[in-house]
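# Understanding the architecture of this molecule
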Amino acid sequence: MWVIVVLLVRLVAGPLVGKIMPKFVGQTDGFNARVLLNTVLNVTILSICLSIIGSWVGEGKISLEPIQAA
């Protein structure tokens, strides 16, 4: 599972946050604001991805059940 997390951070969350950040951060925003937003976006993206992938790993199969609404 840790390998999946590291790959998601490097290949999915990092580039996605890099594209989203400029839309929310202004020129006058401070370092702390940028770090906080970066952290919030990374955690949000990773929690969405890992909710789906974690259930796939737990069940031992890939299905659309975790993605479908209840």
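Above: the structure in question.
The text that follows walks through the structure, step by step, so that each part is easy to find. (Residues numbered from 1 in each chain as written. Predicted model: local features only at pLDDT ≥ 70, side-chain atom pairs only at ≥ 80, totals over all residues. Heavy atoms only, no water.)

A few words on the nonpolar core. Listed in full, the nine residues of the largest apolar core are Leu-8, Ala-13, Val-17, Met-21, Val-25, Leu-41, Ile-45, Leu-46 and Ile-53. Among the elements of the structure, helix 1 (2–24) and helix 2 (31–59) are those that each provide at least two residues to this core. (Core = buried A, V, L, I, M, F, W, Y, C linked by side-chain atoms within 4.5 Å. Buried < 20%, exposed > 50% of the residue type's maximum accessible area, 1.4 Å probe, protein only. Helix = DSSP H or I, 4+ residues; strand = E, 2+ residues; numbered from the N terminus.)

Moving on to helix 2. When the terminal C-alpha atoms of helix 2 are compared, their 41 Å separation across 29 residues agrees well with the 42 Å that a helix rising 1.5 Å per residue should span. The largest bend in helix 2 is about 30°, located at Leu-50. Along helix 2, the residues that are buried comprise Leu-41, Ile-45, Leu-46 and Ile-53. Buried residues along helix 2 sit in contact with helix 1. Where helix 2 ends, the next residue or the one after it, Gly-60, has phi of about 80°, a positive value. (Expected span 1.5 Å × (residues − 1). Bend = angle between axes of the 7 residues up to and from the residue. Contact = heavy atoms within 4.5 Å.)

By themselves, these figures tell us nothing about what the structure is for.
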